[in-house]
Every structure is written in structure tokens, then in C-alpha cells.
Amino acid sequence: MEIGLLIQTIANSIAAGSIYAVIAVGLAMAFGVMKMANFAHGEFFMCGAYVVYVFYALLGWPFPAAVLMSIPIVGAMGVVTERLIFRPTRSNVLAGFMATAGLAFVLQVLVGQMWGVGLMRSVPTPYMGAADIAGAKIGWQRVLVIPAAIVMLSALWFFLYRVKHGKALRACAQDPDTARLQGIGINRMTMLAMGISGASAGLAGALLAPIHPVTPYMGHGVILTAFIVVVMGGMESIAGAVLAAILLGFVHTFVTTLSDAVTAQMVGVACMAAVLVVRPQGLLGRVKA
Amino acid sequence: MLKLDDVVVHYGTVAAVKGISFEVDENEIVTLIGSNGAGKTTTLAAITGLHQPSTGTISFEGDRIDHLAPEKINALGIAMVPEGRRVFPQMTVLENMEMGAYLRTNAARIRHDMEEIYHHFPILKERRSQLAGTMSGGQQQMVAMARALMSGPKLLLLDEPSLGLSPIMTQEIAKIIRDLHREHGRTIVLVEQNARMALQLADHAFVMETGKIAFGGKADDLRHDAKIQETYLGV
């Protein structure tokens, strides 16, 4: 591999890892607090991309404003999902699974009905041109993803480790009954977790809209990767999800560059299996007492 | 202060608590003793709202609290130190204590109470940045007690604080319970299998057997009761 291609691939890996991290962190967080997986998480990502499509491509808003709009809009979708699906099915994991899997289809059809199914929606690239690093050309749009992910993850870290309600969210994930004994309202916490979860998935979709085919089904590939990342990282561990996301970003990008995308998916799943053989609790997961 | 009247608690179809009544007055330590499975922990779960009673009433300071959610009951001034400590393992000692004060907003008062609690548990001040899950059983017990005290409770519920602790650590925890009672006049409900320790600390004691209160009375009297000595104190 020549040096230009190597740098190019490394940069692409970091960009891919950043996006995986933003998506997976939301999934891990919702799972941590609710102990239920949101199978419509990929569709939240898709909705984020459509927010950019509508506000930026159709209504002509500035790109950054359109991206920021994805945070409240998809965040609110997360909150509504908690209220209408997760809360009523809290005592029944299977019902929660069926309902969110159903929600995924509902969102796909809804978006398809509103903006069309067959054609991919084109979102013009707001930042043309590419950075030139040692002969490698990396599109600005791809580079932009990296600082955006760092800002989002730092903000989340600050909230979880420095703000009282964020700490309460961690307490809830570690021991919900004991958290309630401290006066922490579990319903408010699950709503908060789902709001953040939706917002982060939406943000990831919004950032990728210009460089990813925008279709009602774009959540499919993402949800698989997000689950691999979350399982590899240790289900509830936010730090584990970030670590696994970066690892998988490198694995996927390098294998895709050297071989093809299908092989990359297989190698990614194999990596997850290998991690689970050595550490069944995931990279940074903890063994339940 | 706290009054249980004919409280029945079911797990599925099985009644774990079969109609118990007792009262706790302000500034006293009341203990529930009895063997494993007698329904002591379930009784506390009913008081804290984690497991709501099927029939009967529980009132606190004159108001009924059965059917309130645990977070609401905590807000009324009842704090619980759960069986098995249940510290938040991935949080520091300080964060665990902050969670105890979750519903409080007066930062100056919280800081004042924290210093007072550190006075009872000096080791927690030293170890405040350590993850609670990495501490010894006795230290975790202290974290759980400190966390409960951080809410500034009117009533403190302690579920098996001596469970799994060494005799020396058990004595230390007993001393802290006594200090909390003497210095601040705290009202405490103590659930214990260690009847010797419980009867030494308590003003009143109730003996639970298979979901019912078999008998109760002044702790001093029970300590000298021949049947209690034989069954629960191993004399």
C-alpha cells in the first residue's frame, strides 16, 4: 500500500469510526438505562439524514443549521418512542422488541410516502473540495465528521460525569431500583436517555446526508454495525462503544479498501465473535455480580 | 412516625408478609429480627415503595404512603440502606453520596451534611475518588449508609447492615448506628439476622417468623427472654 493511499485509508477509518461511535453511543446508553434494545435506532439515523434533506436541500437553510435541527427533531422522536413503546412494554422484553422492530418499518414507509421510495434523495455537498495531506485527498465533508463527533462525545461525557442529572442516568443504568430509592425518577431518566439516544443517531445521519445515499432504508446497514459495536464494547459501556467503534472503523475501512465491503462486514462480525470468545462481557463491559 | 397496619405483601401468589402491624416513634431505634425468609426485607420493600402491599396501610407522619412510588417516598424523608449495600459500583464514593442528595437543591446544606457524614466515616473522605465497586464489603456498607444519610432523612431504614462483614467491622458499623442515634436523635428501623447486635442497639424489637410478627417488646426485655436467647441468640 503506497503512502498516499495509506493516509487516505487511515483518515477514512477515523471518519467512519467517529460516525459509528456517535450512533452506537446512543444505542448503548438507551440499552444501559432500559435494558431494552431499540431496533428502530437505524431509522432515527435515517430520519436525521432526511432532516438535512428537507431543511438544507429543499428549504435552502444553511447546512450547519439543518444539521443542528436534527438534534431536537430526532431527539423528540426518541422521547415519544420511550413514552409510547418502551414504557408500556417495560415488563415484557419481547413486546418491546416487536414494537421497536415494527416502528422501524413504520418510519421507513412514512418517509417513503412523504418523499418517495425508489429514487435516492440527493443532498448537495455543502463543503466542496478536499484536504491534501501527503498526496492523499480527503473530502472536507468527511473531515468535518471527525470534529463533530468529538464535540458531541465530549458534551455527552461532560453531561454524564459532571452534571447531576447525567450522573443520575449512570446510577439508573447501574442499579435502577437503588436509583429510585435515592429519589431518581426512572421515567424521567428513560425519557432523557431516549432523547439523547435519538438526538445522537439523528446527528450522525444529518452529518452523513451529503456523502451517503439518502433513502428510507439507509438505517439497515447502520443498525447492524451499531449492534456489532455495542456488543463488542460491552453493551452498556459508553467508553467501550467508542473504543469498539474506532476499532471497527479501521477494520471496515481497511478491509473495504483492500478487498470489498461485503468481506469487510464479515471480518467485522468475526472481530466481534473473537472479542466475545476472549471477553464475553465485551471490551469494557463489566461482569454482573 | 411510621405506622404499618395489617400489611400483606405478595410475590406472585405467595404471601411473603401476612398481615403485620407495628409502629415506630420518633427518635427511637426499632429492629425487626428473625431468620432468613421471615419477611423482614419484604417489609422494608413495602415501606420504601419498591414492592407495594396487596392490602393494609402504611402511613408516615400521618399520611398514607402505600401505593406511592419509591422516588416519592424518598422525597418525604425515608432513606434506605439496601440489603447487600447496592452501591453504584462504577461511580466514585463522592458520586454515590451525591446521588443520595439527588432531590436536594441547597448546595450549602448538602456540603454541610457531607462534612458531618465524613465525621462519622472518615475513610470515605479519604477514598472519595475511589470507585465504590472496588471497595471492601465494610467500606461499601459505609458508602451505602453515607448515601442514605445524604438525603437528610427523617427515617433511616437499614437492611442487614452486618451481612457478610467481619466481627470487627460489624462492631464498627454498630458503633456508627449508635452514634447516629445518640448524636442526632435519628429514627432508625434496623432489620438484622444478627439478633445480638440488633437487640443491643434497639429500643423496641419485633420478632418475625414466616411473614408474621411472632412477638415484640422492649429490646432489653427480649434480650433477657429465655425463648429469644435460645432461638436467636444461641445462649
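Predicted model only: the values in this text are computed from it and were never measured.

Colleague: Any details on the overall build of chain A? Residues and values, ideally.
Modeller: Counting its regular elements, chain A contains 11 helices and 2 strands. Shown N-terminal to C-terminal, the secondary structure of chain A runs as helices and strands in the order α-α-α-α-β-β-α-α-α-α-α-α-α. For 289 residues, the compact-globule estimate of 2.2 N^0.38 gives 19 Å, and chain A sits close to it at 19 Å. Long-range pairs, those at least 24 residues apart, make up 75% of the contacts in chain A with a sequence separation of at least 6. Carbon and sulfur atoms make up 73% of the accessible area of chain A, which amounts to about 12400 Å² in all.

Colleague: Tell me about unusual backbone geometry, residues and numbers included.
Modeller: Residue and element names in this part refer to chain B. Here Asn27, not a glycine, exhibits a phi torsion of approximately 65°, which is positive. The residue Asn27 is located in the loop between strand 2 (14-24) and strand 3 (29-33) in this model. For Asn27, a relative accessible area of 44% translates into the label partly exposed. Located in the positive-phi region is His67, a residue other than glycine, with phi close to 75°. With respect to the element layout, His67 can be found in the loop between strand 5 (63-64) and helix 2 (70-76). Residue classification places His67 among the partly exposed positions, given a relative accessible area of 49%.

Colleague: Tell me about the sheet that holds strand 5 of chain B, residues and numbers included.
Modeller: All names here are of chain B. With respect to topology, 4 strands assemble into an open sheet ordered 2-1-4-5, the strand pairing being antiparallel. The sheet is open, and its two edges are formed by strand 2 and strand 5, each paired on a single side. Inspection of the sheet shows strand 1 (residues 2-11) paired to strand 4 (residues 55-60) by 5 bridges, in the antiparallel sense. Note that in strand 4 the partner of Leu4 across the bridge is Ile58. Sitting on the sheet, helix 1 (residues 40-48) touches strand 1, strand 2 and strand 4, and the angle it makes with strand 1 is about 110°.

Colleague: Kindly report on a negative patch on the surface, identifying the contributing residues and their values.
Modeller: Residue and element names in this part refer to chain B. A grouping of Asp5, Asp6, Glu23, Asp25 and Glu26 is seen on the molecular surface, where their side chains present a negatively charged patch. Among the structural elements, Asp25 can be located in the loop between strand 2 and strand 3. Accessibility expressed as a relative area gives 43% for Asp25, which makes it partly exposed.

Colleague: Describe in detail empty space enclosed by the protein, supporting the description with residues and values.
Modeller: All chains considered together, the criterion is met by 1 cavity of 30 Å³ or more. In this structure, the largest cavity occupies an estimated 30 Å³ of space. Lining the largest cavity, in full, are A:Leu181, B:Thr48, B:Pro70, B:Ile73, B:Asn74, B:Ile78 and B:Met80. The greatest single-element share of the lining of the largest cavity, amounting to 3 residues, is contributed by helix 2 of chain B. Here the lining of the largest cavity is built from residues that sort into 5 nonpolar, 2 polar and no charged.

Colleague: Give me the lowdown on the packing of aromatic side chains, citing residues and values where you can.
Modeller: Residue and element names in this part refer to chain A. Applying the stated criterion across every chain, the model contains 10 aromatic pairs over all chains. Considering the side-chain rings of Phe63 and Tyr127, the 5.8 Å spacing of their centres and the 85° angle between planes classify their relative orientation as edge-to-face. Here Tyr127 lies in the loop between helix 4 (93-115) and strand 1 (130-133) and Phe63 lies in helix 3 (residues 63-86), a separation of 64 residues in the sequence. Judged by its relative accessible area of 32%, Tyr127 falls in the partly exposed class. What links up through ring pairs into an aromatic cluster is the set Phe39, Phe97 and Phe227.

Colleague: Let's hear about the domain arrangement of chain B: which residues, and what values?
Modeller: Residues and elements named next belong to chain B. Here the domain parsing of chain B yields domain 1 (1-77 + 154-235) and domain 2 (86-153). For domain 1 and domain 2, the distance between their C-alpha centroids amounts to 23 Å. Interface area for domain 1 against domain 2, summed over the two sides, is near 1400 Å², with a carbon-plus-sulfur share of 71%. The three residues of domain 1 that bury the most area against domain 2 are Leu156, Ile176 and Arg186, which together make up 28% of that side's buried surface. Counting every contact that joins domain 1 to domain 2 gives 0 salt bridges. Linking domain 1 with domain 2 are 2 residue pairs in polar contact (both at pLDDT 80 or more), by the criterion used here.

Conventions adopted
- Residues numbered from 1 in each chain as written.
- Chains lettered and ligands numbered in written order.
- Predicted model: local features only at pLDDT ≥ 70, side-chain atom pairs only at ≥ 80, totals over all residues.
- Heavy atoms only, no water.
- Helix = DSSP H or I, 4+ residues; strand = E, 2+ residues; numbered from the N terminus.
- Rg over C-alpha atoms; globule rule 2.2 N^0.38 Å.
- Contact = heavy atoms within 4.5 Å.
- Areas by Shrake-Rupley, 256 points an atom, 1.4 Å probe, with all protein chains shown as cover.
- Buried < 20%, exposed > 50% of the residue type's maximum accessible area, 1.4 Å probe, protein only.
- Pairing = 2+ DSSP bridges.
- Axes fitted to C-alpha atoms, helices over the stretch in contact; angles between N-to-C directions.
- Patch = residues over 30% accessible without salt bridge, like charges linked within 9 Å, V, L, I, M, F, W, Y side chains within 5 Å.
- Salt bridge = Lys/Arg side-chain N within 4 Å of Asp/Glu carboxyl O.
- Lys, Arg positive; Asp, Glu negative; His and termini not counted.
- Charge placed at Lys NZ, Arg CZ, Asp CG, Glu CD.
- 1 Å grid on protein atoms, 1.4 Å probe; cavity = no way out; pocket = protein on both sides within 12 Å on 5 of 7 lines; lining within 4 Å.
- Points joined across faces, edges and corners; volume = space filled by probe spheres on them.
- Nonpolar A, V, L, I, M, F, W, Y, C, P; charged D, E, K, R; others polar.
- Phe/Tyr/Trp six-rings, centres within 6.5 Å; stacked < 30°, edge-to-face > 60°.
- Domains from an automatic or database assignment.
- Buried area = accessible area lost by both parts, 1.4 Å probe.
- Polar contact = N/O pair within 3.5 Å; in protein donor to acceptor, adjacent residues only side chain to side chain.

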